[in-house]
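If you want the building blocks of each chain, they are given just below.
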Amino acid sequence: MSRFRTRASVLPGFGVSLGFTVTYLGLVVLIPLSTIFVKSAGLGWGGVWAAVTTPRVLASYRLSLLASLTAAVVSAVFGLVVAWVLVRYPFPGRRLVDALVDLPFALPTAVAGIALTTLYGPNGWLGSRLAPLGIRVAFTPLGIVVALTFIGLPFVIRTLQPVLEDLEVDVEEAAASLGASRWDTFRRVLLPAIRPALTTGFALAFARAVGEYGSVVFISGNMPMRTEIAPLLIMTKLEQFDYAGASAIAVVLLLISFALLVAINLQSSRTRLAGGTE
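Residues numbered from 1 in each chain as written. Predicted model: local features only at pLDDT ≥ 70, side-chain atom pairs only at ≥ 80, totals over all residues. Heavy atoms only, no water.

Describing the overall build of the protein
Okay, so step 1: On a plain count of helices and strands, the protein comes out with 13 helices and zero strands.
Okay, so step 2: Each helix and strand of the protein, placed in order from N terminus to C terminus, yields the pattern α-α-α-α-α-α-α-α-α-α-α-α-α.
Okay, so step 3: Taken over the C-alpha atoms alone, the protein extends approximately 70 × 60 × 30 Å along its principal axes.
Okay, so step 4: Looking at the protein as a whole, 33% of its 278 residues qualify as buried.
Okay, so step 5: Approximately 17000 Å² of the protein is accessible, and the part contributed by carbon and sulfur atoms is 69%.
Okay, so step 6: Where the 21 positive side-chain charges of the protein centre and where its 14 negative ones centre are 6 Å apart. (Helix = DSSP H or I, 4+ residues; strand = E, 2+ residues; numbered from the N terminus. Buried < 20%, exposed > 50% of the residue type's maximum accessible area, 1.4 Å probe, protein only. Areas by Shrake-Rupley, 256 points an atom, 1.4 Å probe, with all protein chains shown as cover. Lys, Arg positive; Asp, Glu negative; His and termini not counted. Charge placed at Lys NZ, Arg CZ, Asp CG, Glu CD.)

Examining the packing of aromatic side chains
Okay, so step 1: Counting across every chain of the model gives three aromatic pairs.
Okay, so step 2: Considering the side-chain rings of Phe241 and Tyr243, the 6.3 Å spacing of their centres and the 80° angle between planes classify their relative orientation as edge-to-face.
Okay, so step 3: The exposure class of Tyr243 is partly exposed, given its relative accessible area of 39%. (Phe/Tyr/Trp six-rings, centres within 6.5 Å; stacked < 30°, edge-to-face > 60°.)

A few points about empty space enclosed by the protein
Okay, so step 1: Counted under the stated rule, the structure contains one cavity of 30 Å³ or more.
Okay, so step 2: Quantified by volume, the largest cavity comes out at close to 40 Å³.
Okay, so step 3: Around the largest cavity sit Ser64, Ser68, Ile144, Leu148, Ala209, Val210, Glu212, Val216, Ile229 and Pro231, which together line it.
Okay, so step 4: When contributions to the lining of the largest cavity are tallied by element, the ones reaching two or more residues are α3 (55–88), α8 (141–166) and α10 (182–210). (1 Å grid on protein atoms, 1.4 Å probe; cavity = no way out; pocket = protein on both sides within 12 Å on 5 of 7 lines; lining within 4 Å. Points joined across faces, edges and corners; volume = space filled by probe spheres on them.)

A closer look at helix α6 (residues 109–120)
Okay, so step 1: For α6, with twelve residues, the first-to-last C-alpha span of 16 Å sits near the 16 Å given by 1.5 Å per residue.
Okay, so step 2: For α6, the complete set of buried residues consists of Ala112, Gly113, Leu116, Thr117 and Tyr120. The buried residues of α6 all sit within an arc of 130° when viewed along its axis, so they share a single face.
Okay, so step 3: On its buried face, α6 sits against α7 (127–130), α8 and α11 (214–217). (Expected span 1.5 Å × (residues − 1). Arc of directions from axis to C-beta. Contact = heavy atoms within 4.5 Å.)

Quick look at the structure:
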C-alpha cells in the first residue's frame, strides 16, 4: 500500500486545475497587462523616462500617492471604529448600516463623484456651510482625499470584521481584571491580534485609491500641477492619441500597485508563519 494517499476531491486533478488557472490568468490578467508594457516600449528607455518624469506627470504622481496615503490612513482609523461598532454593539438598524458599507462597491464611481461634488461644492449642502469657516473641499486636494476615503473605507471594514468576530471578549475581561486600562488592553491585547488584518485593509485601500478615476474626476477640478491625478492624466493622454505616453504613466502606477500587493502577501505569510511557531 502506498504510504501517501491522494485526498478525494470534487474538483478535477492538479494538472487540469493548474492548466485552467494559468489559462484564466493569462487571458484575463497577464496578456491585457502585458500590452501596456509593449505599447510603452515603443518609446524606448529614453522616451519612457522622459514621458514619466515631466513636471506635470511628477506632480500628478505626487498628488495621487499622497492623497491615497492620507485616505488609506483615514480609512484605517475610521474603518476600525466602524467595524468594531458593527461587531461588538447591537443597535437598531445594524443590518442596514452593515449593508450600506458595501455601497461604494456597488455604486458606479462616476455617480459617487457627482454626488460628492454636489454635496461638497460651493453651493452644496455641506460645502456652503464649510465655506464660511474657510474650508474648501470640492476642487481641492482635500476633495480628492474625501473621494478616495469613500471608496477605500469598505476594504478596511470588511477585512477587519471577521477578525474582530473571532476575538473573544473573555480576553479583554481578563486584561481588565488584571488592572489593565482600556488603552493598555487595546494596545497590548487587541492591536497585536488585529494588526495583520488592519495592515492588509490599509494596503488594499491604498492600492485601490492609487488607480481611482471615476469618483475623483468631478470633485478634483482637474487643474494641472494642482489637482490633477495620474489616472486623469492617462485619460488626457489617450484623448490626445498619445497611447505610448499614457501606457508609460500606467506602467508606473501598475508597478506601484503590484509592489504593494506583493508586500501584502509577504506580510500575510510572515504572520501565518509566526502564528504557526507559537
